[in-house]
Amino acid sequence: MTTPVPATTGHRRVLLAAPRGYCAGVDRAVLTVEKALELYGPPVYVRKQIVHNAYVVRVLEAKGAVFVEETGEVPEGAVVVFSAHGVAPEVHDEAAARGLTAIDATCPLVTKVHKEARRFADEGYDILLIGHAGHEEVIGTMGEAPGRVHLVDGPEAVRDVRVRDEHKVVWLSQTTLSVDETMETVERLAARFPALISPPSDDICYATQNRQLAVTRIAPDAQLVLVVGSSNSSNSLRLVEVALHAGAGAAHLIDGPEEIDEGWLRGVTTVGVTSGASVPDALVDGVLARLAEHGFGDVEIVRSVTERQRFALPRGLDGP
Ligand code: SF4
């Protein structure tokens, strides 16, 4: 049961969604790079952006992390960290062949989806993976069972799906999708494949779901919602869509305070603020400070859920 947000009294205010920002998987991934730098000394190579946030990448670069696109760019024998989004098994094989010390910062909730993909493939299923083409997480999950995983990029893609046996199909999903759109895709898949089975538990992770729930609490009362996050962050992009769907007058994705367009604030009395799962609090604080300069100094936290999830660091970095 949720408590309604009080109606605006006409003064300028901010409704700050909670939970927002760092999830347990991102926290673990960033700490993994920091610990690896402490343990091995710079440079520590990181394959892909450790998390999809430009600010986080810049801060880690300043500490000695070197970001590369592919394992082949890492000098032989060096230390490499795999990002929170996960990698296909062939990437582990390539790192081993090059003699790299590989540290896997894949979020445990992504690893769970990888394991599901392997298990269902071993049992002879075709796997319909709901997700976005080209996203690193999707590439990694598809690599767990090549030829068995079929990407379904949204409800419209359902009609093009081809499987080997319509009686052995299961759906899985990327962890950072819109809950509502995913359910629409699942309904269409089930209509096409009546024998379709569901994963044993939600693939869309707790953090994605909680941040979407939180933004639906503030959006109906906000003429403007600002989502702090980078443009390659899937869960941040989904928050913009969810905010608009929930009734926000407008919603924009911004990387930080410098991207606030003053024109957006014209005639606005209530601004909703939230942030994606890869966004540190410092960026949100900067956005709140900028809004305060425009008279939005009154900040009300609207909490929908309290999160307690934590993940241990990868083996070898988790202390003696
Ligand atoms: Fe893990 Fe979810 Fe965070 Fe991705 S958004 S790192 S799946 S907890």
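What counts, and where the lines are drawn
- Residues numbered from 1 in each chain as written.
- Predicted model: local features only at pLDDT ≥ 70, side-chain atom pairs only at ≥ 80, totals over all residues.
- Heavy atoms only, no water.
- Helix = DSSP H or I, 4+ residues; strand = E, 2+ residues; numbered from the N terminus.
- Rg over C-alpha atoms; globule rule 2.2 N^0.38 Å.
- Buried < 20%, exposed > 50% of the residue type's maximum accessible area, 1.4 Å probe, protein only.
- Contact = heavy atoms within 4.5 Å.
- Areas by Shrake-Rupley, 256 points an atom, 1.4 Å probe, with all protein chains shown as cover.
- Lys, Arg positive; Asp, Glu negative; His and termini not counted.
- Charge placed at Lys NZ, Arg CZ, Asp CG, Glu CD.
- Core = buried A, V, L, I, M, F, W, Y, C linked by side-chain atoms within 4.5 Å.
- Near = heavy atom within 4 Å.
- 1 Å grid on protein atoms, 1.4 Å probe; cavity = no way out; pocket = protein on both sides within 12 Å on 5 of 7 lines; lining within 4 Å.
- Sits in = over half its atoms within 2 Å of the grid points.
- Nonpolar A, V, L, I, M, F, W, Y, C, P; charged D, E, K, R; others polar.
- Pairing = 2+ DSSP bridges.
- Axes fitted to C-alpha atoms, helices over the stretch in contact; angles between N-to-C directions.
- Salt bridge = Lys/Arg side-chain N within 4 Å of Asp/Glu carboxyl O.
- Phe/Tyr/Trp six-rings, centres within 6.5 Å; stacked < 30°, edge-to-face > 60°.
- Lys NZ or Arg CZ within 6 Å of the ring centre and 35° of its normal.
- pLDDT = per-residue confidence, 0-100.

Participant: Can you help me understand the overall build of the chain in this one?
Facilitator: Along its length, the chain carries nine helices and 12 strands. Compactness check: the chain gives a C-alpha radius of gyration of 21 Å against a globular reference of 20 Å for 320 residues, within 12% of the reference. Each principal axis of the C-alpha atoms in the chain carries an extent, and together these give about 60 × 55 × 35 Å. The proportion of buried residues among the 320 residues of the chain is 51%. Expressed as a percentage of contacts within the chain between residues at least 6 apart in sequence, the contacts between residues at least 24 apart total 76%. When the accessible surface of the chain is summed, it comes to about 14,100 Å², and 51% of that surface belongs to carbon and sulfur atoms. One way to put it: in the chain the 30 positive side-chain charges average out to a point 3 Å from where the 44 negative ones average out.

Participant: Mind showing me how you'd approach the nonpolar core here?
Facilitator: Soluble, globular proteins show a tendency: their nonpolar side chains are buried together. In this structure, Val33, Val46, Ile50, Val51, Leu60, Phe67 and Val81 are the most contacted members of the largest nonpolar core, which totals 26 residues. Elements that contribute at least two residues to this core include exactly α1 (24-40), β2 (44-47), α2 (54-63), β3 (65-68) and β4 (79-82). In this structure, valine 46 is in contact with Val33, Ala65, Val66, Phe67, Val68 and Val81, ignoring residues within four places of it in sequence. Core analysis: the next-biggest nonpolar cluster, separate from the first, contains 18 residues, Leu224, Val228, Val268 and Val273 among them.

Participant: Any chance you could explain the site of the ligand here in plain terms?
Facilitator: In the vicinity of the ligand, the residues found are Cys23, Gly25, Val26, Cys107, Leu109, Thr175, Thr176, Cys205, Tyr206 and Ala277. Cavity membership is defined here by more than half of the atoms lying within 2 Å of grid points; on that basis the ligand lies in the largest cavity. A per-class count over the shell around the ligand returns seven nonpolar, three polar and no charged.

Participant: What is the right way to look at the sheet that holds strand β11 (residues 270-275) in this model?
Facilitator: Hydrogen bonds between backbone atoms are what pair the strands of a sheet, whose relative direction is either parallel or antiparallel. Judged by pairing direction, the sheet is parallel, and its five strands sit side by side in the order β10-β9-β11-β1-β12 without closing on themselves. Of all the strands in the sheet, the pair left with one neighbour each is β10 (251-254) and β12 (298-303). Going from strand to strand, the sheet's axes swing by 25 degrees on average, the running direction of each strand aside. As paired elements, strand β9 (residues 224-228) and β11 share five bridges and run parallel to each other. Bridging across to β11, valine 227 finds its partner in threonine 274. Sitting on the sheet, helix α9 (residues 281-293) touches β1 (13-18), β9, β10, β11 and β12, and the angle it makes with β11 is about 165 degrees.

Participant: How do you make sense of the pattern of salt bridges when you look at a structure like this?
Facilitator: When their charged atoms lie close together, side chains carrying opposite charge are able to pair. If you walk through the whole model with that rule in mind, you get 16 salt bridges. Put simply, glutamate 300 and arginine 13 hold a salt bridge, and the shortest N to O gap is 3.6 Å. Of this pair, glutamate 300 sits in strand β12 while arginine 13 sits in strand β1, placing them 287 residues apart in sequence. What makes glutamate 300 partly exposed here is its relative accessible area of 27%. Owing to a relative accessible area of 4%, arginine 13 belongs among the buried residues under this scheme. Note that aspartate 203 and lysine 112 form a salt bridge whose closest N and O atoms lie 3.6 Å from each other. Taken together, the positions of aspartate 203 in the loop between α6 (179-192) and α7 (206-218) and lysine 112 in helix α4 (residues 108-122) put the pair 91 residues apart, joining distant regions of the chain. A relative accessible area of 2% means that aspartate 203 is categorised as buried. A network of salt bridges, in which partner residues are shared, links Arg47, Lys48, Glu69 and Glu70.

Participant: I tried to follow the sheet that holds β4 on my own but got confused; where do I start?
Facilitator: Pairing is parallel in the open sheet, where four strands are placed in the order β3-β2-β4-β5. The open sheet has two edge strands, β3 and β5 (101-104), and neither has a second partner. Adjacent strand axes in the sheet meet at a mean angle of 30 degrees when their direction is disregarded. Pairing of β2 with β3, which is carried by four bridges, proceeds in the parallel orientation. Opposite valine 44, over in β3, you have alanine 65 as the bridge partner. Running at roughly 150 degrees to β5, α1 makes contact with β2, β3, β4 and β5 of the sheet. Along the sheet face, helix α3 (residues 89-97) touches β2, β4 and β5 and points at about 175 degrees away from the line of β4.

Participant: When you look at the packing of aromatic side chains in this model, what are you seeing that I'm missing?
Facilitator: Scanning all chains against the criterion turns up one aromatic pair. Pairing phenylalanine 120 with tyrosine 125 gives two aromatic rings, centres 5.4 Å apart and planes at 85 degrees, and the pair type is edge-to-face. Here the guanidinium or amino end of arginine 119 rests over the ring plane of phenylalanine 120, the centre of that ring lying 4.6 Å away. The ring of tyrosine 125 carries the charged tip of lysine 168 above its face, separated from the ring centre by 4.6 Å.

Participant: I'm lost on the confidence of the model for the chain in this one. Help?
Facilitator: Parts of the model with low pLDDT should not have their predicted coordinates read in detail. Mean pLDDT over the chain stands at 95; residues scoring 70 or higher make up 96%. Per-residue pLDDT stays below 50 along residues 1-9; that stretch engages in 15 contacts with residues further than four places along the chain or on separate chains.

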